[in-house]
Amino acid sequence: MIKIKTREEIELMRQSALIVSKTLGEVAKAIKPGVTTLQLDKIAEECIRDQGAVPGFLGLYDFPNTLCMSPNSQVVHGIPNSESLVEGDIISIDCGALKNGFYGDHAYTFPVGEISPEVEKLLKVTKESLYIGIREFKINNRVGDVGYAIQQYCESHGYGVVRELVGHGLGQKMHEDPEMPNYGRRGRGKKFVEGMVVAIEPMINMGTQRIKQHRDGWTITTLDNLPSAHFEHDVALVDGKPELLSTFAYIYDALGIKSNEEDEFRQEILVL
Ligand code: MG
Ligand code: MG
């Protein structure tokens, strides 16, 4: 059952999403060759608790840490450890926070130092596909419209769209209805209605769409061991249009990146 949120609840969810956004910004400052994913996990946990929230993933389905840390060929759900990141790695970081009874949940794939042009393109296309998907999250569209748009765009670049893992409704639970696949058919699936809040999160592989699960019961890796990227935003349906609750602005500040992608997005949806 889809749980519709009131305006007040959406404002609370924006607070939770922004706690995650700020946390990813703090983590971004520390990403460099030599840092371990466990060190980054500690930074995130402190940052979340300093903002009066609790880590959303820690203990959720018995996950052992604050962040899901998935380097290179890991797709999602990697567990932080004491191995150092090295120049040329990418690291997908997924973060959740709970405050006032509502979750925030979003993700970003970071380069570690200089990365190859091929991998840089994977990150760029995956992030672009996120906004392309979000644009379809509007009144009277359906779940399949978002998935179709993401799939078409990523497959047009020859990338694999993971099937087994999907986005989701978000609220007082981390995973609510509906499931939001990154593939699908136009006009199919549940219809979007005012007050829905979802996490849209393309998980895109450079090679095959196929994945495998590690023996730890968590880590998911691409079957061909080629890199995978993951970007996620929390989005509310307000006045019939998608409204970003999370932001990558703190990440861009931390990394010294000039980006107006979110402003451009807001301009575009004015005319949807
Ligand atoms: Mg997430
Ligand atoms: Mg999610």
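Refer to the structure printed above.
Thresholds, definitions, all that
- Residues numbered from 1 in each chain as written.
- Chains lettered and ligands numbered in written order.
- Predicted model: local features only at pLDDT ≥ 70, side-chain atom pairs only at ≥ 80, totals over all residues.
- Heavy atoms only, no water.
- Pairing = 2+ DSSP bridges.
- Helix = DSSP H or I, 4+ residues; strand = E, 2+ residues; numbered from the N terminus.
- Contact = heavy atoms within 4.5 Å.
- Axes fitted to C-alpha atoms, helices over the stretch in contact; angles between N-to-C directions.
- Salt bridge = Lys/Arg side-chain N within 4 Å of Asp/Glu carboxyl O.
- Phe/Tyr/Trp six-rings, centres within 6.5 Å; stacked < 30°, edge-to-face > 60°.
- Buried < 20%, exposed > 50% of the residue type's maximum accessible area, 1.4 Å probe, protein only.
- Lys NZ or Arg CZ within 6 Å of the ring centre and 35° of its normal.

Caption draft 1: Main features of the sheet that holds strand β10 (residues 203–205). Read from one edge to the other, the open sheet built from three strands follows the order β6-β10-β13, with strand pairing classed as antiparallel. At either margin of the open sheet sits one strand with a lone partner, and together these are β6 (160–161) and β13 (228–230). Pairing between β6 and β10: two bridges, direction antiparallel. Bridging across to β10, Val-161 finds its partner in Ile-204. Each of β10 and β13 touches helix α3 (residues 117–135); the most contacted strand, β13, lies at about 35° to it.

Caption draft 2: Looking closely at the pattern of salt bridges. Scanning the entire structure with this criterion turns up 12 salt bridges. In this structure, Arg-14 and Glu-243 form a salt bridge, with 2.6 Å as the shortest nitrogen-oxygen distance. With Arg-14 in helix α1 (residues 7–30) and Glu-243 in strand β15 (residues 241–244), this residue pair connects regions lying 229 residues apart in the sequence. With a shortest N-O distance of 2.7 Å, Glu-261 and Lys-127 are connected by a salt bridge.

Caption draft 3: Representation of the packing of aromatic side chains within the structure. Following the criterion strictly, the structure yields nine aromatic pairs and no others. Here Phe-137 and Phe-192 contribute two aromatic rings whose centre-to-centre distance is 4.8 Å and whose plane-to-plane angle is 75°, an arrangement assigned as edge-to-face. Of this pair, Phe-137 sits in the loop between α3 and α4 (143–156) while Phe-192 sits in the loop between β8 (176–180) and β9 (197–200); the two residues are 55 residues apart in sequence, bridging distant segments of the chain. The pair formed by Phe-137 and Phe-192 is uniform in burial state, with each residue classed as buried. An angle of 70° between the planes, with centres 6.3 Å apart, marks the rings of Phe-231 and Phe-248 as edge-to-face. Here Phe-231 is found in the loop between β13 and β14 (233–238), whereas its partner Phe-248 is found in the loop between β15 and α5 (249–255), with 17 residues between them in sequence. Classification of Phe-231 by relative accessible area gives buried; the value is 1%. An aromatic cluster is defined as three or more aromatic residues linked by ring pairs; in this entry it consists of Tyr-108, Phe-110, Phe-231, Phe-248 and Tyr-252. Sitting above the plane of the Tyr-183 ring, Arg-163 keeps its charged end 4.9 Å from the centroid.

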